[in-house]
Structure formats: C-alpha cells, structure tokens
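Examining the three-dimensional arrangement
If you want the building blocks of each chain, they are given just below.
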Amino acid sequence: YSDLIINDNNWKHIVHLNDNGRLPHAFLFHGPSGSGKEGHAIKLAALINCSQYKGEKPCGDCPSCKKTISFQHENVKLILPLPRGNIASKKDSTSKAFTKKTLNEFLEMLKKKQIDPYYSIQVSNANTILINSIREIKREISFSTLNNDWKIYLIFQAEKLCSPNPASGHALLKLLEEPPLKTLFILVSSKPDTILDTIHSRCQKMYFPQISKRKLENQLIKNGIDQNEAVLIAQISGGNINICKQLINNSSVLIEKLYVLLGAFFKKNSDAWEKCIDTIASLKNKDNKQMNLLFRFAKLFFRDLLYYFN
C-alpha cells in the first residue's frame, strides 16, 4: 500500500513485538473511520509471513506478500459481515451467503481494497458477522500450515460480532481463550464499545487516532492536489481520508450548494430559505454523505467567521 499513511508509534510497536517474538494472539485495532486501521492490519498480516522480511516492513514482492494483499493467501482469512443468503444450518459454508450478484459485487470490492487501504467493504444486506464464519474458523484453526506459516484472521467491522446479537462474539471468545500457537486474530473496529468486554480483555488494544492535518496535506499534495486546496480539504475532513476523497470528487458541487446554504443566512427574502431547505431535503433523500460534507463546509465557514469578528 503506497498510499497508506503509517501511524509511526503503532507500527514501531508492532514491529518491536514481531522482531522479539512477543506478538499476542489477538489485537484490537480501533479508532475513527478513515484512520487506516484495516490497512495496518493487512500490512501486519503481510509482515508476519513475509519470506524476505528484513525489518520494519514487509517486502511486498515475495509470493506470500502478493497473496496477502490480493486476499488469496491460504493462511490469511478475511472475516466481515455477510448476508444470510441460503445458509440454513450451522454446517453450511459461508459461500451460501452469496447470490451470484452479491458474489460479483464482493469480488469487485476486494479488487478495490487491494488498491486502496481506506476502501471499506460493505456487502449488500449484510448487518452481522455470521456465526457460520466463526464455525469455519473453529473447524480449520488447528490444521497445520505449509512452511509453518502463521494463521491470521482479519476480522473487519468487528463490532458486528455482537450486533444485532452476540452469538458470533461468544463463539469467537472460545477461540480466543485457547488459540493454537502461531495464530493471530486482528479485530478492527470503529465502534469498540459494542464489542464484548470479555473479547476486549483477550486482545491487545491499539488505538488509531485521526490522521494529522499535516500528514493529510502532504499526502494530498503528493497525489497532485494544489497546496491551498489540500490545506482546505485536510481541514474539513477531520482526519478522515475517505472524506478527503469525497471532497475532491464533489468539491465544485458542494461549493455551489454552500452558496445556497449561506444565501439563507445573508439574504433578506424568504425565497433563499425555501431554496436552502429544498436543497438540503433533496440531499437527505438522495445523498446523505454529500449532505454531511456540505455541513462540514458550513461549519468551517462559520467557525472562521467567528474568529474574524472576535
């Protein structure tokens, strides 16, 4: 991942644990959306089984690294919320969760994740991590691996282990209590408070804060964004790189709508208010993300206005 903004403190700690043979059996990577938690989890999975590892980072070129980043490594499993689909019994494979359409969508999402560490995989009609996913881990976790590699389980959106019910969380807990040697679970969540306390107690927790504005600015400039625009985008994003990308793709439309919103405050006729309400209502119905971005623009504008007059 050339675009992953590394959290230096966390990564140095991870490398230290790995180099000294002190990796825990389970991590919980937590923090706000867009902070790079999932990208760090995948990078760690690559590092552990890298055949040409020389310290600090995985090589990215050996067969193990290439298979890890493409989600094809036989010893690195990705667990995330799935639809129930045609799963009818506890012995059914999670492959039955997919229709042909949702499987194609999922495979396309995996391709995007290979390129973009901040891309969030959201499978249609998936609102929980299925207990069948945990049962599959239980069935194969004790099998030996080629080359004595580590078995690594990446559990993204880990809060969905316990929502809408905690059955999958309780099933995972049993595995966390006595995992086999050279087995690592990496749970990743933006809502760790909803995860069972007993799971928390069996994980080494690592917090990923919002990315600093300076690092975001540097990354945007590196990707060809004008410096002044990079400063503004980084400021509005609140440290969420996914919001940065949305702002880049929607900035001209959002600025146009911002003028409509501000017109309601600074014009003296009721038509401006009606146009503002219509604009926001339309966004609410059609594009909730864009509406949130619009309010971020407005919040920054009024904050700076207060600074100016004070």
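Concerning the packing of aromatic side chains
Evaluated as defined, the whole model comprises 6 aromatic pairs. Between the aromatic rings of phenylalanine 265 and tryptophan 273, the centroid separation amounts to 5.5 Å while the plane-to-plane angle is 55°, which identifies the pairing as tilted. Overall, the relative accessible area of 45% leaves phenylalanine 265 in the partly exposed class. A connected cluster of aromatic rings, assembled from ring pairs, spans Phe27, Phe29 and Phe208. Over the aromatic face of tryptophan 11 sits the side chain of lysine 43, whose NZ or CZ is 5.4 Å from the ring centroid.

Digging into a positive patch on the surface
On the surface, Lys90, Lys91, Lys138 and Lys174 cluster together into a positively charged patch. Tracing the backbone through its elements, the reader meets lysine 90 in the loop between β2 (76-79) and α4 (100-115).

Points about the side chain of serine 133
Within the secondary structure layout, serine 133 lies in helix α5 (residues 131-140). Serine 133 has contacts with Ile79, Leu82 and Thr94, leaving out every residue within four places of it along the chain.

Describing the nonpolar core
Residues Phe27, Phe29, Leu44, Ile152, Leu154 and Ile186 are the most contacted members of the largest nonpolar core, which totals 36 residues. For this core, the elements supplying multiple residues, two or more each, are α1 (8-19), β1 (26-30), α2 (37-49), α4, β3 (151-156) and β4 (183-189). Looking at this core element by element, the count peaks at 6 residues for α2. Beyond its immediate chain neighbours, meaning those up to four positions away, leucine 44 contacts Trp11, Ile14, Phe27, Phe29, Leu184 and Ile186.

With respect to the pairing of β3
With 6 of its 6 residues buried, β3 lies for the most part within the structure. Burial along β3 is two-sided: Lys151, Tyr153 and Ile155 facing one way and Ile152, Leu154 and Phe156 facing the other are all buried. The β-α-β motif built from β3, the intervening helix α6 (residues 167-177) and the parallel element β4 has right-handed crossover chirality.

Details of the confidence of the model for the protein
Per-residue pLDDT for the protein averages 90, and the proportion of residues at 70 or more is 100%. Confidence, expressed as mean pLDDT per element, reaches its minimum in the protein at helix α12 (residues 288-309) with 79 and its maximum at β1 with 98.

Thoughts on helix α10 (residues 241-266)
Its 26 residues give α10 an end-to-end C-alpha distance of only 32 Å, which falls more than 12% under 38 Å, the value for a rise of 1.5 Å per residue. Taken as a whole, α10 carries its principal kink of about 75° at asparagine 250. Looking at α10, one finds that the buried residues are Ile241, Ile243, Cys244, Leu247, Ser251, Leu254, Leu258, Val260, Leu261, Leu262, Gly263 and Ala264. Residues of α10 that are buried in the fold lie against α8 (213-222), α9 (227-237), α11 (270-286) and α12. Capping the start of α10, asparagine 240 holds a side-chain oxygen 2.9 Å from the backbone nitrogen of asparagine 242, two or three residues further along.

Considerations on the side chain of glutamine 219
Mapped onto the elements, glutamine 219 comes out in helix α8. Within the local environment of glutamine 219, its side chain forms a polar contact with the backbone oxygen of aspartate 3, the two atoms lying 3.3 Å apart.

Overview of the packing of α9 against α12
Put simply, α9 and α12 touch, their axes get as near as 9 Å, and they point 105° apart. Taken together, the axis directions place α9 and α12 in an arrangement best described as roughly perpendicular. Contact with α9, carried on its side by Leu232, Gln235, Ile236 and Ser237, involves Arg296, Phe297, Leu300 and Arg303 of α12 and no other residues of that element. For the contact of α9 with α12, a count of residues per class yields 4 nonpolar, 2 polar and 2 charged.

Here's the deal with the packing of α1 against α2
Relative orientation of the contacting elements α1 and α2 amounts to 25°, with a least axis distance of 12 Å. In terms of axis orientation, α1 runs roughly parallel to α2. Remark: the crossing between α1 and α2 carries right-handed chirality. In this structure, α1 contributes Trp11, Ile14, Val15 and Asn18 to the contact, and α2 contributes His40, Lys43, Leu44, Leu47 and Ile48.

Rules used throughout
- Per chain, residues are indexed from 1 in the order of the written sequence.
- This being a predicted model, a pLDDT of at least 70 is required before a residue's local features are given, and a value of 80 or more before pairs of side-chain atoms are given or counted; all residues contribute to the totals for chains, interfaces and linings.
- The side-chain numbers reported here are obtained from all heavy atoms of the structure, hydrogens and water having been left aside.
- The rule is short: rings of Phe, Tyr and Trp, with Trp giving its six-membered ring, pair when the centres are within 6.5 Å, and they are stacked under 30 degrees, edge-to-face over 60, tilted in between.
- Relative accessibility thresholds used throughout: buried, under 20% of the residue-type maximum; exposed, over 50%; partly exposed, between the two (1.4 Å probe, protein chains only).
- Either the NZ atom of lysine or the CZ atom of arginine qualifies as a charge over a ring when it sits within 6 Å of the ring centre and within 35 degrees of the ring normal.
- Only residues whose relative accessible area exceeds 30% and that form no salt bridge are eligible for patches; like-charged ones are grouped when within 9 Å, while nonpolar side chains (Val, Leu, Ile, Met, Phe, Trp, Tyr) are grouped when within 5 Å.
- Surface accessibility follows the Shrake-Rupley procedure with a 1.4 Å probe radius. Residue values consider only the protein chains on display as shielding.
- The rule for a salt bridge is simple: a side-chain nitrogen of Lys or Arg has to be within 4 Å of a carboxyl oxygen of Asp or Glu.
- Counted as positive: Lys and Arg. Counted as negative: Asp and Glu. His and the chain ends are not counted at all.
- To locate a charge, take NZ of a lysine, CZ of an arginine, CG of an aspartate or CD of a glutamate.
- Helical segments are the DSSP runs of H or I of at least four residues, strand segments are the runs of E of at least two, and each set is numbered from the N terminus.
- In this description, contact between two residues means that some pair of their heavy atoms is separated by no more than 4.5 Å.
- Buried residues of nine kinds, namely Ala, Val, Leu, Ile, Met, Phe, Trp, Tyr and Cys, make up a nonpolar core once their side-chain atoms join them within 4.5 Å.
- Whether a crossover is right-handed comes down to one check: with the strands pointing away from the viewer, does the path from the first strand over the helix to the second run clockwise; if it does, it is right-handed.
- Per-residue confidence from the predictor is given as pLDDT, running between 0 and 100.
- Here the expected span of a helix is defined as 1.5 Å times the quantity of residues minus one.
- Bend, in this description, refers to the angle at a residue between axes fitted to the seven residues ending there and the seven starting there.
- Two N or O atoms count as a polar contact when they lie within 3.5 Å, although within protein this holds only if one can serve as hydrogen donor and the other as acceptor, and sequence-adjacent residues are included solely when both atoms are side-chain atoms.
- Throughout, an axis means a line fitted to C-alpha atoms (over the contacting stretch in the case of helices), and angles, computed between N-to-C directions, take values from 0 to 180 degrees.
- To sort the angles, those under 35 degrees are grouped as roughly parallel, those over 145 as roughly antiparallel, those from 65 to 115 as roughly perpendicular, and the leftovers as oblique.
- Three classes are used, and their members are as follows: Ala, Val, Leu, Ile, Met, Phe, Trp, Tyr, Cys and Pro are nonpolar, Asp, Glu, Lys and Arg are charged, and the others, Gly among them, are polar.
- Note on convention: near helix rotated counterclockwise from far helix by under a right angle means a left-handed crossing. Clockwise means right-handed.

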